[in-house]
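Survey of secondary and tertiary structure
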Amino acid sequence: MDISQSSLNNLEVTPVTSEQQTKKQKRMAKQRVHVTLQSFELLNVIGEGKFGTVLLVKKKDSGKLFAMKIIKKSIIRKRQFAHRIIQEKDILAFCNNNFITKLHYSFQNQNNLFLILDYCSGGDLFNYISKKNTFSEKDAKFYAAQIVLMLEYLHSQNIVYRDLKPENILIEKNGYLKLGDFGYARQNMDSIEAKSVCGTPHYFPPEMITREGHGKPVDWWALGCVIYEMVFGATPYDDSNQKILFDRIKNSPVIFENDKNKKVSNNFKDIVNKLLKKNQNERLGTASVEEIKNHPWFDKIDWVALSNQTIPAPFIPAVKKVSDVSNFDATFTNKDVSDYNNDSTDCSSDDDSDEYQNFYYDCSQKQL
Ligand SMILES: Nc1ncnc2c1ncn2[C@@H]1O[C@H](COP(=O)(O)OP(=O)(O)O)[C@@H](O)[C@H]1O
Ligand SMILES: [Mg+2]
């Protein structure tokens, strides 16, 4: 039945003010939000980084384990990094790939931002390299090829990662890798226009140091560093003095020897030299990822089987029970997790701060 204009005019309608509208929106946002700090049991500290702490947590309703990355608002405010964390959350929520940690939830309270991620019980590659000292070329190839797949996916989505290093590469319980820490990743980068200096100095390519503009080739440079590090146990231009380090990155050739007289194949030297080309336009991978996948060092890699994770991994993390954190550094795991339980500022809102509006995310509500 049609309602005529005159009958509408006769209705007594109280106009909704914008203040009421905002209150209603806030109330609805609160009702929509289910996951908060209180949804998790905090089990262990497993890592620490630039802006906060990573904990192993258990979701109370499902019993599932996750990694909880806690980022202190006060620290990122001081360093004007809020946009980076929002970007980290947005990129993680966007990604859908076996080799990238999945973001399950994100939320905030007054003091902190929280990212709830896949938990990788094998720890990070840095810790594993530190324990083993060096890898055989065969094992390094298994890991390096997975890094190629991660970067291939990200670059195909126009995402540049910009902080590739063993600390950010995590080992799953099946021995395969997952990339974490998207704090420096940037989306919509299909040229070499970025001028900021970011990442970790030992993995900086020359174009980052000279600020001439960088893009996807930064990640292929870092891959060269990580391949070298897995085999030699140190980055190729290692020096604690930053001035000398940067000078070496810009000017020195790669030296393929260490004090243990490690011998490497010519194909290894060739791929590392080509990934560490000082000129980003000449770098392996810059023209296409196929240049890397077709390099003879990767001859024996079955890329399809690797991407389906059907090749047996050289190392399966020893995990006595699901919540075993022995693959993480004791400096972190010995810390008292109960400090994080006493966060009395917990509230289930994602609208209490303009700066982080829309920070709340629940992967089960993701539109595919
Ligand atoms: N999803 C995860 N599963 C297991 N460990 C993780 C996970 N995410 C991070 N970690 C551990 O916490 C450390 C710091 O996390 P990261 O995301 O790199 O923080 P930051 O941005 O502060 O560097 C990592 O090096 C790793 O050891
Ligand atoms: Mg990190």
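Reading guide: rules and limits
Residues numbered from 1 in each chain as written. Chains lettered and ligands numbered in written order. Predicted model: local features only at pLDDT ≥ 70, side-chain atom pairs only at ≥ 80, totals over all residues. Helix = DSSP H or I, 4+ residues; strand = E, 2+ residues; numbered from the N terminus. Buried ≥ 20, exposed ≤ 12 C-beta atoms within 10 Å, placed from the backbone. Contact = placed C-beta atoms within 7 Å. Pairing = 2+ DSSP bridges. Axes fitted to C-alpha atoms, helices over the stretch in contact; angles between N-to-C directions. Near = placed C-beta within 6 Å. Nonpolar A, V, L, I, M, F, W, Y, C, P; charged D, E, K, R; others polar. Left-handed = near helix turned anticlockwise from the far one by under 90°. Arc of directions from axis to C-beta.

This brings us to the overall build of the protein. Within the protein, the secondary structure is distributed over 13 helices and 10 strands. Counting all 368 residues of the protein, 37% fall into the buried class. Taking the intrachain contacts of the protein between residues at least 6 apart in sequence as the baseline, contacts between residues at least 24 apart amount to 68%.

Right, let's talk about the sheet that holds strand S1 (residues 40-48) for a bit. Here we have six strands laid out as an open sheet, ordered S1-S2-S3-S5-S4-S10, and antiparallel in their pairing. With partners counted over all chains shown, the strands left at the sheet margins are S1 and strand S10 (361-362), one partner each. Bridge count for strand S4 (residues 103-108) against S10 is two bridges, and the pairing is antiparallel. Looking across to S10, one finds that Ser106 is bridged to Tyr361. In this fold helix H4 (residues 82-94) packs onto strand S3 (65-72), S4, strand S5 (112-117) and S10, with an angle of close to 150° to the strand it touches most, S4.

Right, let's talk about the site of ligand 1 for a bit. Among the 20 residues in the neighbourhood of ligand 1, the closest are listed as Gly47, Gly49, Val54, Ala67 and Asp181. If you list the elements that add at least two residues to the shell around ligand 1, you get S1 and S3. Split by residue class, the shell around ligand 1 holds eight nonpolar, six polar and six charged.

As a further point, take the packing of helix H8 (residues 217-232) against helix H10 (residues 266-275). Helices that pack against each other are described as a pair by the angle of their axes relative to one another and the distance between those axes. At a closest axis distance of 8 Å, the pairing of H8 and H10 adopts a crossing angle of 145°. Relative to H10, H8 is oriented so that their crossing is left-handed. The segment H8 lies against H10, with Trp220, Trp221, Leu223, Gly224, Ile227, Tyr228 and Val231 engaging Phe268, Val272 and Leu275.

Burial in H10 covers these residues: Ile271, Val272 and Leu275. Within H10, the buried residues cover an arc of 95° as seen down the axis, which keeps them to one side. Buried residues along H10 sit against H8.

It is a general feature of regular strands that their side chains alternate between the two faces of the sheet. A large share of S4 lies buried, amounting to six of its six residues. As defined by bridge partners, S4 adjoins S5 across five bridges and the pair is classed as antiparallel. When the bridges of S5 are listed, Phe107 appears paired with Phe114. Counting the residues that bridge the hairpin from S4 to S5 gives three residues.

To continue, consider unusual backbone geometry. Unlike most non-glycine residues, Asn158 shows phi in positive territory, near 60°. With respect to the helices and strands, Asn158 occurs in the loop between helix H6 (137-156) and strand S6 (159-160). Assessed through the 14 C-beta atoms surrounding it within 10 Å, Asn158 is described here as partly exposed. One non-glycine residue, Gln309, lies in the positive phi region at around 60°. By the secondary structure assignment, Gln309 is in the loop between helix H12 (303-307) and helix H13 (330-333).

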